[in-house]
Amino acid sequence: MVSHRSACIGALFAALLVCGPAGPGPVGAGPAMAAKLKVPRFVALRFSTVNLRAGPGRQYPIEWVYKRRSLPVEVIRDLDTWRQVRDRWGTVGWIHVSNLTGRRTVLINPKTVMLRKQPDKAARAVARAEAGVIAGLEKCAGAWCRISADGHTGWVRRAAVWGVYKKDDGK
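This structure is a prediction, so every number in the text was calculated from the model and none was measured.

Colleague: Is there a simple way to explain the state of the cysteines in this structure?
Modeller: Simply put, the disulfide is a covalent bond whose two ends are the sulfur atoms of two cysteines. Under the definition given, this model contains one disulfide. Between the sulfur of Cys-140 and that of Cys-145 lies a disulfide, 2.1 Å long from S to S. Handedness here is read from the sign of the S-S torsion; for Cys-140 and Cys-145, about 100 degrees, the answer is right-handed. In this structure Cys-140 comes out as buried when scored by relative accessible area, which is 9%.

Okay, here's the thing in structure tokens:
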């Protein structure tokens with residue numbers, strides 16, 4: 001339902017994962033650059049189909065196939081050109097750096113989140129985002145994060161999204 005004060009972002013929760021057979025920037029950089037990046041950190045899937053493997057190499061079996069471009073994942077270990085990641089649901093596996101981007105995104109957690117004009121729960125609502133919507137992360141300040149999705153930009157409570165840490169400025 002869309003009111004005159006807010007626009008609905010996204011539709012139903014799209015299929016995120018399909019069970020498998022058993023960018024430029026620092027994320028795609030080689031081992032020397034990876035050693036300089038902090039772990040853990042959040043990144044996003046570069047493509048609409050990305051394999052999650054059991055180990056750091058193409059010889060390891062594919063455990064999951066992600067079907068959602070820009071889905072945020074948490075890098076928990078760097079090893080050469082492979083990243084061990086954890087997703088929102090706790091699944092852990094390995095993804096090649098060429099399938100990841102350093103562009104920050106977040107996943108909306110609750111059923112519906114109101115995007116606000118200012119970082120204040122009393123501020124005017126500018127849009128509504130449903131659970132499962134992936135939004136670009138612009139910045140965070142205190143308990144609020146500024147996100148954008150489907151042409152709408154606004155502030156949401158940090159606790160309403162997955163893809164940022166408690167003391168993360170979003171950059």
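Let us keep going from here.
Colleague: What should I look at first to understand the pairing of strand β3 (residues 41-45) in this one?
Modeller: When a strand is regular, its side chains alternate between the sheet's two faces. By the criterion of burial, β3 is predominantly enclosed, with five of the five residues buried. Strand direction decides the pairing type here: β3 and strand β6 (residues 72-79), joined by four bridges, are antiparallel. Bridge assignment links Val-43 to a residue of β6, and that residue is Val-73. In this structure, β3 lies alongside strand β9 (residues 100-101), joined through two bridges in antiparallel fashion. Across the sheet, residue Leu-45 finds its bridge partner in β9, namely Leu-100.

Rules used in this analysis
- Residues numbered from 1 in each chain as written.
- Predicted model: local features only at pLDDT ≥ 70, side-chain atom pairs only at ≥ 80, totals over all residues.
- Heavy atoms only, no water.
- Disulfide = S-S within 2.5 Å.
- Buried < 20%, exposed > 50% of the residue type's maximum accessible area, 1.4 Å probe, protein only.
- Helix = DSSP H or I, 4+ residues; strand = E, 2+ residues; numbered from the N terminus.
- Pairing = 2+ DSSP bridges.

Bear in mind that shape data such as this cannot, by itself, settle questions of function.
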